[in-house]
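Architecture at a glance
In case you want the letters, here they are:
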Number of protein chains: 2
Amino acid sequence: MSNPASPTEFETVTATSPAVVPVRLGDRSYDVLIGPDLLRDAGRRIAAVAPGAACGIVTDTTVAAHHLAPLQASLDEAGLRHTVVTVAPGEGSKSYAGFAEVCDALLAARLERGDCVVALGGGVVGDLAGFAAASLKRGMTLVQLPTSLLAQVDSSVGGKTAINSPLGKNLVGAFHQPSLVLADTASLDTLAPREFRAGYAELVKYGLIDDLDFFQWLERYRGAVCGGGLERVEAIRRAVAAKAAVVARDEFETGDRALLNLGHTFGHALERLTGYDGTRLVHGEGVAIGMSLAFRYSVHEGLCSGQDAERVTAHLRAAGLPTSIGAIPGWTADADAMLDAMAQDKKVSRGSLTFILARGIGQSFIARGVVPERVRAFLRDELPPDGERA
Amino acid sequence: MSNPASPTEFETVTATSPAVVPVRLGDRSYDVLIGPDLLRDAGRRIAAVAPGAACGIVTDTTVAAHHLAPLQASLDEAGLRHTVVTVAPGEGSKSYAGFAEVCDALLAARLERGDCVVALGGGVVGDLAGFAAASLKRGMTLVQLPTSLLAQVDSSVGGKTAINSPLGKNLVGAFHQPSLVLADTASLDTLAPREFRAGYAELVKYGLIDDLDFFQWLERYRGAVCGGGLERVEAIRRAVAAKAAVVARDEFETGDRALLNLGHTFGHALERLTGYDGTRLVHGEGVAIGMSLAFRYSVHEGLCSGQDAERVTAHLRAAGLPTSIGAIPGWTADADAMLDAMAQDKKVSRGSLTFILARGIGQSFIARGVVPERVRAFLRDELPPDGERA
Ligand SMILES: NC(=O)c1ccc[n+]([C@@H]2O[C@H](COP(=O)([O-])OP(=O)(O)OC[C@H]3O[C@@H](n4cnc5c(N)ncnc54)[C@H](O)[C@@H]3O)[C@@H](O)[C@H]2O)c1
Ligand SMILES: NC(=O)c1ccc[n+]([C@@H]2O[C@H](COP(=O)([O-])OP(=O)(O)OC[C@H]3O[C@@H](n4cnc5c(N)ncnc54)[C@H](O)[C@@H]3O)[C@@H](O)[C@H]2O)c1
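Parameters at a glance
Residue indices follow the written sequence of each chain, beginning from 1 at its first position. Note on labels: chains are lettered from A, ligands numbered from 1, in written order. Local features in this predicted model are restricted to residues whose pLDDT is 70 or higher, and side-chain atom pairs enter the listing and the counts only when it is 80 or higher, whereas totals over whole chains, interfaces and linings include all residues. Hydrogen atoms and water are omitted, and side-chain values are computed over all heavy atoms in the structure. UniProt positions are given in the numbering used here, feature names are shortened, and annotations may be inferred rather than shown by experiment. Between two residues, a contact is recorded if the distance between any of their heavy atoms is within 4.5 Å. Joining two parts hides part of their accessible area as seen by a 1.4 Å probe, and the buried area is that hidden amount summed over both. In what follows, salt bridge is the name for a side-chain nitrogen of Lys or Arg lying within 4 Å of a carboxyl oxygen of Asp or Glu. Definition of a polar contact: a pair of N or O atoms within 3.5 Å, with one able to donate and the other able to accept a hydrogen when the atoms are protein atoms, and with sequence-neighbouring residues admitted only if both atoms are side-chain atoms. Numbering of helices and strands starts at the N terminus; helices are DSSP runs of H or I of at least 4 residues and strands are runs of E of at least 2. Here a residue counts as near a molecule or strand whenever at least one of its heavy atoms sits within 4 Å of it. Think of it this way: DSSP has to see at least two bridges between two strands before they count as a pair. A fitted line through C-alpha atoms serves as each axis, taken over the contacting stretch for helices, and the angle formed by two N-to-C directions is quoted from 0 to 180°.

Under an unreviewed UniProt entry, the name given to chain A is 3-dehydroquinate synthase, and the source organism is Lichenifustis flavocetrariae. Its UniProt record gives chain A the following Sequence similarities (unreviewed entry) comment, quoted word for word: "Belongs to the sugar phosphate cyclases superfamily. Dehydroquinate synthase family." The record held by UniProt for chain A lists under Pathway (unreviewed entry) the comment "Metabolic intermediate biosynthesis; chorismate biosynthesis; chorismate from D-erythrose 4-phosphate and phosphoenolpyruvate: step 2/7."

This part takes up the interface of chain A and chain B. A common way to express how large an interface is: the accessible area buried when the components associate. Taken together, the 43 residues of chain A in the interface contact 43 residues of chain B. In total, about 3,400 Å² of surface goes out of reach between chain A and chain B, with carbon and sulfur atoms giving 48% of it. Across the chain A-chain B interface, the total number found is two salt bridges. Across the pair aspartate 340 of chain B and arginine 110 of chain A runs a salt bridge whose closest N-O atoms are separated by 3.8 Å. Our enumeration of links across chain A and chain B arrives at ten residue pairs in polar contact (both at pLDDT 80 or more). Every element with two or more residues in the side of chain A that touches chain B is listed here: helix 3 (96–108), helix 4 (123–135), strand 7 (160–165), strand 8 (168–175), helix 12 (335–343) and strand 10 (348–349) of chain A. In terms of residue count, the dominant contributor to the side of chain A that touches chain B is helix 3 of chain A (seven residues).

This paragraph deals with the site of ligand 2. Residue and element names in this part refer to chain B. The immediate surroundings of ligand 2 are formed by 26 residues, with Asp60, Gly123, Thr147, Ser148 and Thr190 found nearest. Separating an oxygen atom of ligand 2 from a side-chain N or O atom of lysine 94 is a distance of 2.8 Å. Serine 187 is positioned such that a nitrogen or oxygen atom in its backbone is 2.9 Å from a nitrogen atom of ligand 2. For the shell around ligand 2, the secondary-structure elements that each account for two or more residues are helix 2 (61–77), helix 4 (123–135), helix 5 (149–155) and strand 8 (168–175). By residue number, the principal contributor to the shell around ligand 2 is helix 2, which donates four residues.

Turning our attention to the sheet that holds strand 4 (residues 82–87) of chain A. Residue and element names in this part refer to chain A. Read across the sheet, seven strands follow the order 1-2-9-6-5-3-4 without closing on themselves; strand pairing throughout is mixed. Looking at the sheet topology across the chains shown, the edges are occupied by strand 1 (19–23) and strand 4. Geometrically, the sheet is characterised by an average inter-axis angle of 15° between neighbouring strands, direction not taken into account. Those strands touched by helix 1 (residues 42–49) are strand 2 (30–35), strand 3 (55–60), strand 5 (116–121), strand 6 (141–146) and strand 9 (180–184), and its axis lies near 165° from that of strand 9. Helix 3 contacts strand 3, strand 4 and strand 5 of the sheet and is inclined by roughly 165° relative to strand 4.

Written out as structure tokens, the structure is:
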């Protein structure tokens, strides 16, 4: 993720010649294609990775209303039989019940082991359909067609799939790599602005982890990225390239893939304590607040300069994202509840917490053995005083 | 599986020096230990593969009544923290609901990624706990402590895990290898005779697949194997060695691992059409009838001699196992229903059936593209005439 393309370098991206990021994982390697109108061309490209396969499309009702018809037309054109399973939009579908529903619907359509599960939607659909594809007949082919910015820059790439348990987010799932990812950047035009901003938080994350240059690029081009056009494609391409590199190094998260969790330990706890209620907090907003907290906690621990933490929150705020717990409507939980919620996260090892902390922008690192008591003290200062809660 | 040990060769098998069969799968390799009283020694051995891990024991109420206490004592002795999740005995627990229940109970016990799921029971518990271990936090350590003969010779080895869907058996699951398998042959003493016989069917299977010599050995030593003692240990050792060899060649069943499904395509359909009702048909009985059908269908197709098919059914019958559909109490389904039930099996590819057929005892092979119409005609002859149904 070192050389930022100059505008002229990415002017050639079109539906027929999209940007391509290879994810190199030996015999599980695949390409991520990024560009406008890829959904209209999906049938041909799916047929190339799964010749003759029947397709079980999994989507949600909102996404279906906008993007299902062109996908179906394109599958028809490619001569691929297809069937559709539609779930309700929102985190609630990533449940045991949603999993059973999707699996049984795909089985009822008589999909066979060599057939293909096609996830058309945001991260919720991708994670749910992905876990179903991993589990059905112990593993079916999976194609990700991410339609939210968050899914395009993060969840559709890298093979993590999961559902939520009442005990916590993403606690039940599988590593199951897709065979192809098509990120149709034009599909983002129908995305609600709030959801676009939420995805933007994950874009920023890649800069914060290890790429100051990308962060600076975003500071400069944020308006253009949000406006659409080639800067948007380029931003997504850079994010995907960053993720692909990490995943290729550490597919099963035994090492530095954990860096991608920057902002997520705090973020997941926030989501949990707001009951996964998307009207109060969506995932990307939780990550935005979580990254802000991670930087401020790094300052609190004397690891990072206050200026860097300020610069992070200023950029997120400029993008319209929340950066403090006080911004969450109806927040009531205290520091103990936060600690408790974090203790159930996967990033816990033998009772001590693992956080992603930072020595500065682009200088994040895995901090194991973080002492809960110090986090508790930090959070007490962060939490809005009783009287001021929104 | 070539050299049958003479009795003197296996006289040394004891709790402290059990028979050991290595399963060679690169960095997923593990040992299967076979011998009496291994449960009493389990703590020490589990601690060796998962030092300091907390253990989430999954078992069923029947098995717990007999074998939980010694296991817990042994874990205590080894200083391993443990917790227990108990499900109802029987195939019904291998469901979406059972999966959610086991996952949530293990999460509630705050097991972490490096901790250990311990499956104590038959194939139902092994498959269910195995799928939970595969999925929890996207993969936890798994130890199999099989207590049924079927689980010791088959389901605990090789990494297949699954639950059932209303649409068919084992359709939702994962490949997840255990880190250790301890087959305590003394635990079989509490197994119901009918369940022991059901496991015996899977023992016979290994002879039928590719080892006439083992089949002959079983014809000679069946009484001793059923009676307990060293012949039993030796029979289990040979079966596990046969399975380990197949699994090492073809972990993900893209090739000849499918041979292990001998009798299972018919058998699963029989189980499905009897509503997985263990009072009418248990899994191993379905396999016994299924293997008999596979041999008779092979005769029907002119592939195998009638004498070999007769010899197979004679041996199964001598072991107290059913060998025809007519033996199932209350059977009513017709040939079409059988074909329909088989079409949902995983062993289906682009509409045509895959069966394991045989040219003789020890000469099984994968027959792809079996024409449904020919199977239907064969089954019409096999099915009991309306008036004679049990
Ligand atoms: N697997 C991973 O590696 C990974 C990484 C990050 C996040 N996630 C998961 O992703 C999920 C969040 O993803 P998300 O933010 O995409 O949520 P989402 O799937 O719920 O999508 C957000 C909303 O936008 C709608 N939407 C999506 N695409 C649209 C479009 N093109 N037009 C109009 N509406 C559209 C959806 O219907 C939904 O209401 C969380 O469950 C999170 O845990 C997974
Ligand atoms: N994963 C695989 O590779 C694989 C292979 C073959 C079969 N299977 C699965 O295994 C299951 C059948 O296994 P099973 O026959 O062991 O069934 P099971 O687990 O239901 O056990 C049979 C019965 O015996 C009882 N039991 C078990 N051990 C006992 C003991 N020591 N003392 C007293 N009672 C005991 C159980 O409570 C149960 O009632 C099926 O679901 C089948 O699909 C899986």
